[in-house]
Amino acid sequence: MPNKKTNKFWGFAKKEFRHIFRDKRTLLIIFGMPIAQLLIFGYVVTNEIKDANIAIFDKSGDYLSQKLTSKLGSSGYFIPTTFIHSETEIEPVLRSGKAKMVLVYEPNFAQKFYKEGKSSIQIITDASEPNTASLLSNYAWAIINSFAIENGVKEFSSSSIDIRLRMLYNPELKAVFMFVPGTMALILMLITAMMTSISIAREKELGTMEILLVSPLKPSQIIIGKVLPYVGLAFTNALVILFLGYTVFSLPMRGSLLLLLLVNFIFIILALSLGILISTVSKTQQVAMFFSMIGLMLPTILLSGFIFPIENMPVILQWLSLIMPPRWFISALKTIMIKGEGILYVWKEILIMLGMIVFFLTLSIKKFKVRLS
Amino acid sequence: MRIILYIIQKEFLQIFRNKTMLPVIFMVPIVQLLILANAATFEMKNINLSVVDFDNSLRSREIIRRFDASPFYSIVPTERSVEKAVELVHSNKTDAVLVIPKGFEKDLDNAYRPKVQLLLNAINGTSAALANAYTSSILISYSQNIMLEKTGSNLIKPSSISTQTSYWYNPELKYSHFMVPGILVILVTIIGMFLTALNLVREKEIGTIEQINVTPIKRYQFIIGKLIPFWIIAMFELAFGLLVGKILFNIPINGSLLLLFSFAGIFLVLALGGGLLISSSSSSQQQVMFVAFFFMIIFILMSGIFTPTESMPNWAKIFNHINPLYYFMKVNRMVLLKGARLSDISESFISTSILAVIVLTFAIRRYRKTT
């Protein structure tokens with residue numbers, strides 16, 4: 001009587017669904033998380049440098065050095081907050097973090113610039129933050145260079161090459177193009193894998209799994225019934241993120257919405273199957289939590305191309321990123337949303353994700369059988 | 001005191017009896033440290049460049065050779081068509097397209113300021129800005145050479161300002177020196193906080209907490225007894241992580257370890273106290289996980305682990321005053337890399353201590369209410 005069986009299955013799924021919805025706090029967090037994260041990424045996590053505190057050690061103190069200092073100050077990148085007067089003050093200023101960079105003008109700065117055609121500035125940066133240090137010194141270098149051209153002989157600059165720049169896909173260089181796809185991957189991955197792995201491990205830990213297994217439902221039906229509500233939750237989350245990205249951060253939606261939703265769906269199933277695998281190997285919720293939380297969070301942020309470009313990583317890490325599910329998801333998202341391409345450009349990502357699903361599920365079924373015997 | 005010691009002893013027995021958990025606590029973080037410490041870099045090591053050369057002259061070929069010779073560029077061959085080259089950007093085969101128009105050489109030699117077009121894949125804004133800076137500097141230095149060659153050095157050269165940059169505390173700009181202390185902060189926090197939080201709520205879930213509640217143990221004794229074992233594990237984890245970082249990444253330890261561990265000690269009281277607070281107001285491990293995860297991810301992202309906190313908007317800077325990870329992130333890097341002293345980190349020290357007292361008080365009070 002297949003009809004009765006399906007009824008039982010839906011009854012079970014409904015029960016699981018109610019179980020989740022009864023827990024208001026968890027629900028609040030599941031839906032509050034994408035919003036909080038998007039806001040943080042949108043407004044806070046940015047590698048742009050603005051208003052960096054710098055210290056000036058002006059051994060010359062002439063009008064040219066002062067003019068350059070005020071030009072640096074008006075650039076928006078730097079605020080000259082500390083003015084120091086001896087070599088011994090450099091170290092404490094950097095060590096305490098009062099300044100990220102110290103500019104040292106040589107004595108007779110203006111005179112050397114005009115009479116000898118060359119003057120020099122020493123830039124000392126706090127490279128304990130290497131990304132910031134190299135960005136700051138690059139910006140300072142660019143400002144100083146253009147200052148030299150403005151105040152030096154005029155015709156030289158006009159002879160150089162005129163570079164017409166076109167930034168494809170993202171003319172304003174907005175960081176949102178990186179972080180919306182990244183946040184989607186992070187949230188879908190963690191929420192889905194974490195919730196699934198823990199909810200199954202919970203049944204095991206409390207001993208209720210045994211009871212479920214002797215019920216007339218097949219083990220596969222039990223698993224599906226348990227994960228089905230999470231598919232719904234994760235998919236709703238994906239929609240919320242997309243909507244916020246589109247309305248609040250004006251992320252483009254250039255490609256097919258249907259394809260985008262399909263890719264999201266596949267990724268959610270992928271995260272679910274990973275969660276199932278984690279739960280089959282963990283005895284307790286704690287172990288499941290450690291695998292899914294500690295094991296997935298940092299790698300998802302760092303190895304998926306979310307914040308840091310994969311091409312810049314050491315080759316071994318580039319290889320490793322190939323087995324990171326979010327990498328393929330993020331790549332597909334960007335291709336569809338930002339580049340506006342169709343299935344011809346994302347079939348590879350889709351196939352890889354499907355392959356991973358098959359792999360994880362096969363492995364969990366194997367593990368599951370071993371446990372039962 | 002004796003009661004607290006008994007609880008601690010009991011907790012340790014339970015922790016060491018769990019054979020699956022221990023390797024996880026120590027192996028997973030160290031493996032992550034090893035793998036991830038090198039991932040976080042914006043430094044461009046390889047820009048794939050396609051040149052569409054309509055001029056096909058001596059000069060344009062010389063420019064292509066310059067890019068080819070640079071360690072930062074790989075030339076991706078393309079046909080003489082802008083559409084074909086943009087197609088390569090679409091399929092991620094190339095990052096940048098340089099279009100050299102016809103008449104480039106003639107314009108350059110006659111000082112007509114020749115035009116070139118540079119198309120960049122700007123989905124990652126930072127990478128695009130860097131690629132633009134590198135490419136422009138190669139083109140400009142090339143044209144300057146041509147100008148010098150033509151005008152001869154007897155003519156007046158324009159004045160210039162030379163800059164010498166020195167990178168203190170990390171002269172080779174090693175990203176691992178920056179990331180290892182940062183990742184350590186996160187791992188130690190997550191492990192300490194989650195273990196504590198899950199431990200308490202697990203007792204609730206399986207009902208053993210009722211048994212403890214009927215014993216004459218005082219609330220604060222119970223909380224302290226729960227806190228200390230995980231505090232020791234987290235401190236040990238920090239020491240272990242530092243050792244691994246020293247041996248494998250040769251991270252500098254320029255400051256006083258005593259100072260670092262004193263700060264870490266206070267920080268962990270705060271983090272674990274937070275864990276207890278969360279768990280005493282939750283009824284299942286699942287709830288604890290989600291609440292903890294929610295706060296952790298916000299604290300982590302705002303702590304400055306990847307990006308400078310100075311550039312954040314004001315409201316974020318204000319928020320960071322109550323972000324424990326912000327302080328620990330700062331102190332860990334300052335002490336290890338810059339050899340910061342107590343006077344340099346006194347503000348973080350005081351703030352963290354105040355937060356620790358507040359959170360611990362709340363944790364003890366909250367616990368009393370639920371029973």
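For the structure, check the block above.
Residues numbered from 1 in each chain as written. Chains lettered and ligands numbered in written order. Predicted model: local features only at pLDDT ≥ 70, side-chain atom pairs only at ≥ 80, totals over all residues. Heavy atoms only, no water.

### Considerations on a nonpolar patch on the surface
Move 1: A cluster of nonpolar side chains, contributed by I35(A), L39(A), Y43(A), V248(A) and W315(B), occupies part of the molecular surface with about 460 Å² of accessible area.
Move 2: Looking at which element gives the most residues to the nonpolar patch, the answer is helix 2 (residues 24-43) of chain A, with three residues.
Move 3: Relative accessible area serves as the criterion here: at 41%, Y43(A) is assigned to the partly exposed category. (Patch = residues over 30% accessible without salt bridge, like charges linked within 9 Å, V, L, I, M, F, W, Y side chains within 5 Å. Areas by Shrake-Rupley, 256 points an atom, 1.4 Å probe, with all protein chains shown as cover. Salt bridge = Lys/Arg side-chain N within 4 Å of Asp/Glu carboxyl O. Helix = DSSP H or I, 4+ residues; strand = E, 2+ residues; numbered from the N terminus. Buried < 20%, exposed > 50% of the residue type's maximum accessible area, 1.4 Å probe, protein only.)

### Details of the pattern of salt bridges
Move 1: Under the defined criterion, the tally for this structure stands at 18 salt bridges over all chains.
Move 2: Between K10(B) and E11(B) there is a salt bridge, with its nearest N and O atoms 3.1 Å apart.
Move 3: Under the relative-accessibility criterion, K10(B) is labelled partly exposed at 30%.
Move 4: For E11(B), a relative accessible area of 0% translates into the label buried.
Move 5: K10(B) is the partner of E203(B) in a salt bridge, and the nearest nitrogen-oxygen pair spans 3.4 Å. Note that E203(B) is positioned in helix 7 (residues 175-206) and K10(B) in helix 1 (residues 2-17), a separation of 193 residues in sequence.
Move 6: Counted as one network, the salt bridges with shared partners bring together K15(A), E16(A), E203(A) and K226(A).

### Observations regarding the sheet that holds strand 5 (residues 162-168) of chain A
Move 1: Pairing is mixed in the open sheet, where five strands are placed in the order 5(A)-4(B)-3(B)-1(B)-2(B). Strands at the two margins of the open sheet, each flanked by one partner only, are strand 5 of chain A together with strand 2 (73-75) of chain B. Mean inter-strand twist for the sheet, computed between neighbouring axes without regard to direction, equals 25 degrees.
Move 2: Here strand 1 (residues 47-53) of chain B runs beside strand 2 of chain B; their pairing, made up of three bridges, is parallel. Across the sheet, residue L49(B) finds its bridge partner in strand 2 of chain B, namely I75(B). (Pairing = 2+ DSSP bridges. Axes fitted to C-alpha atoms, helices over the stretch in contact; angles between N-to-C directions.)

### A closer look at the environment of Q37(A)
Move 1: If you trace the backbone, Q37(A) turns up in helix 2.
Move 2: Sequence spacing of Q37(A) and M356(A) is 319 residues, and the spatial spacing of their C-alpha atoms is 27 Å.

### Section: the packing of helix 7 of chain B against helix 9 (residues 219-249) of chain B
Residues and elements named next belong to chain B.
Move 1: Where helix 7 meets helix 9, the closest approach of the two axes is 9 Å, and the angle between their N-to-C directions is 155 degrees. On the basis of their axis angle, the class for helix 7 and helix 9 is roughly antiparallel. Judged by the twist between their axes, the crossing of helix 7 over helix 9 is right-handed. Residues S176, H177, V180, L184, V188, I191, G192, L195, T196, N199, L200 and E203 of helix 7 form the contact with helix 9, whose own contacting residues are F222, K226, F230, A234, E237, L238, G241, L242, G245 and F249.
Move 2: Across the contact of helix 7 with helix 9, the residue classes tally to twelve nonpolar, seven polar and three charged. (Parallel < 35°, antiparallel > 145°, perpendicular 65-115°, else oblique. Left-handed = near helix turned anticlockwise from the far one by under 90°. Contact = heavy atoms within 4.5 Å. Nonpolar A, V, L, I, M, F, W, Y, C, P; charged D, E, K, R; others polar.)

### Here's the deal with the interface of chain B and chain A
Move 1: On the chain A side, the residues contacting the 107 residues of chain B number 114 residues.
Move 2: Three residues stand out in chain B for area buried against chain A, namely I123(B), I161(B) and F290(B), and they jointly supply 8% of the buried area on that side.
Move 3: At the surface where chain B touches chain A, the tally comes to four salt bridges.
Move 4: Between K100(A) and E310(B) there is a salt bridge whose closest N-O contact spans 3.4 Å.
Move 5: Put simply, chain B and chain A have 31 residue pairs in polar contact (both at pLDDT 80 or more) between them.
Move 6: If you tally residues by element for the side of chain B that touches chain A, the top one is helix 7 of chain B, at 14 residues.
Move 7: Grouping the amino acids of the side of chain B that touches chain A by side-chain chemistry returns 60 nonpolar, 35 polar and twelve charged.
Move 8: Alignment of strand 4 (residues 118-126) of chain A against strand 5 (residues 160-168) of chain B, held across nine bridges, turns out to be parallel. Residue pairing for strand 5 of chain B: S119(A) is matched across the bridge by I161(B). (Buried area = accessible area lost by both parts, 1.4 Å probe. Polar contact = N/O pair within 3.5 Å; in protein donor to acceptor, adjacent residues only side chain to side chain.)

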